[in-house]
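So the chains spell out like this:
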Amino acid sequence: MSTARLKINLDALVINWRNLDAKTGCETAAVVKANGYGLDAGRVGKALAQAGARNFFVAVAEEGIALRRAIGPGPGISVFSGHMEGDAKLLRDFQLTPMLNSIDQMLRHFEALPGHPFGVQLDSGMNRLGMEAAEWAAICEIALDQNPVLLMSHLACADEPGHGMNAYQLQNFIDMTEGFNIPRSLSATGGLLLGRDYHFDLCRPGIGLYGGSPYEAALPVIELEVPVIQTRDLAPGESVGYGNSWIAKRDTRIATIAAGYADGLQRAFQRQGIMAYAENIPCPVVGRISMDLITVDVTDLPEVPSHLSLINERQTVDDLAAAAGTIGYEVLTSLGARYARTYSA
């Protein structure tokens, strides 16, 4: 096969969820938006549901449909974007719980789906989604009369434990929700790791489940193996790839492997010198990453293998992200559709 293989370890994902759950004294849900961070929300959701997760979060109602079909009735599925125009039938038919973000969404929901479960998202300072304090104060009695199942907010700087925004948002959230006999949720992965003050009744980890920062103790969930298409030998002074951007300084053997920026392996990765691995031996990626191909200096290998690994325990999505000046979330969710995905559990 010339197709790169993305190996997804569902056992490791489940262990990450269980280990995060053990850090809390509350319920631990799971965020499976963006098709399970690119790893297939259905497979991810089924594995976590079988492990004991009873609540899931997605970005939009359409994602909730795919997840419901995979995990069946029973577990809760909440929708961060709330109740958008045209969502009523989807929310009703697939038992989805919108997190209402505005007065308009609240009115739409109460009119279209009276009695249907809902939560409320509050803006504690991120200024992205949710009702601000004044809006919530004006409508909270009406909302509470309709029995919301959750009051939630989201932290802007939870991946920086010492950032003053965390304590600021925590106090705002307490001020907006204290005294109501309704479950509360403030924290995703980063907030969960900040400690019990941030946990309330439900935490909703996302990136930590998939092996990403800021959960440094996470088990790696994915491995990417890319087949070698061809090797060639270069003399000193010969160049590799577009723009003659890399020139050999010695007799060099180059392996060309079958993946590129069309597969989510950004050209920017090469700025900080990422590696391809033959077992435990690192081999420098050289030349420019192109749409379908990457070139690797394999001169120091005793034998060129059939595949080289770009994501593994030694070089994670966060390492690739650092090389590109981005975050692991972007790398993970950008991994392309061409990979042959295999799942182990």
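Right above here is the structure, for reference.
Quick caveat: nothing in here was measured; it's all calculated off a predicted structure. (Residues numbered from 1 in each chain as written. Predicted model: local features only at pLDDT ≥ 70, side-chain atom pairs only at ≥ 80, totals over all residues. Heavy atoms only, no water.)

1. What about the packing of helix 1 (residues 10-22) against helix 3 (residues 41-51)?
One way to put it is that helix 1 packs onto helix 3 with a least axis distance of 10 Å and a crossing angle of 50°. Between helix 1 and helix 3, the angle falls in the class oblique. Crossing hand, helix 1 versus helix 3: right-handed. Counted together, Leu10, Leu13, Val14, Trp17 and Arg18 of helix 1 and Arg43, Val44, Ala47, Leu48 and Ala51 of helix 3 form the full contact between these two elements. Residues of the contact of helix 1 with helix 3, tallied by class, amount to eight nonpolar, no polar and two charged. (Axes fitted to C-alpha atoms, helices over the stretch in contact; angles between N-to-C directions. Helix = DSSP H or I, 4+ residues; strand = E, 2+ residues; numbered from the N terminus. Parallel < 35°, antiparallel > 145°, perpendicular 65-115°, else oblique. Left-handed = near helix turned anticlockwise from the far one by under 90°. Contact = heavy atoms within 4.5 Å. Nonpolar A, V, L, I, M, F, W, Y, C, P; charged D, E, K, R; others polar.)

2. Describing empty space enclosed by the protein
Scanning all chains against the criterion turns up one cavity of 30 Å³ or more. Put simply, the largest cavity is a space of about 70 Å³. Lining of the largest cavity is provided by Gln121, Leu122, Asp123, Ser124, Met126, Arg128, Leu129, Ser153, His154 and Gln169. In terms of residue class, the lining of the largest cavity is built from three nonpolar, five polar and two charged. (1 Å grid on protein atoms, 1.4 Å probe; cavity = no way out; pocket = protein on both sides within 12 Å on 5 of 7 lines; lining within 4 Å. Points joined across faces, edges and corners; volume = space filled by probe spheres on them.)

3. Overview of the sheet that holds strand 5 (residues 76-79)
Taken in spatial order, the seven strands make up an open sheet running 3-4-5-6-7-8-9, and their pairing is parallel. Each edge of the sheet is formed by a strand with only one pairing partner; in this case those strands are strand 3 (30-31) and strand 9 (184-185). (Pairing = 2+ DSSP bridges.)

4. Considering the nonpolar core
For soluble globular proteins, the rule of thumb is that nonpolar side chains tend to be buried together. Membership of the largest hydrophobic core comes to 81 residues, with the highest contact counts inside it found for Leu48 and Ile222. For Leu48, the contacting residues outside a window of four places in its chain are Leu13, Val14, Trp17, Ala30, Ala53, Phe56 and Leu209. With 14 residues, the next largest nonpolar core counts Phe118, Leu122, Ile139 and Leu151 among its residues. (Core = buried A, V, L, I, M, F, W, Y, C linked by side-chain atoms within 4.5 Å. Buried < 20%, exposed > 50% of the residue type's maximum accessible area, 1.4 Å probe, protein only.)

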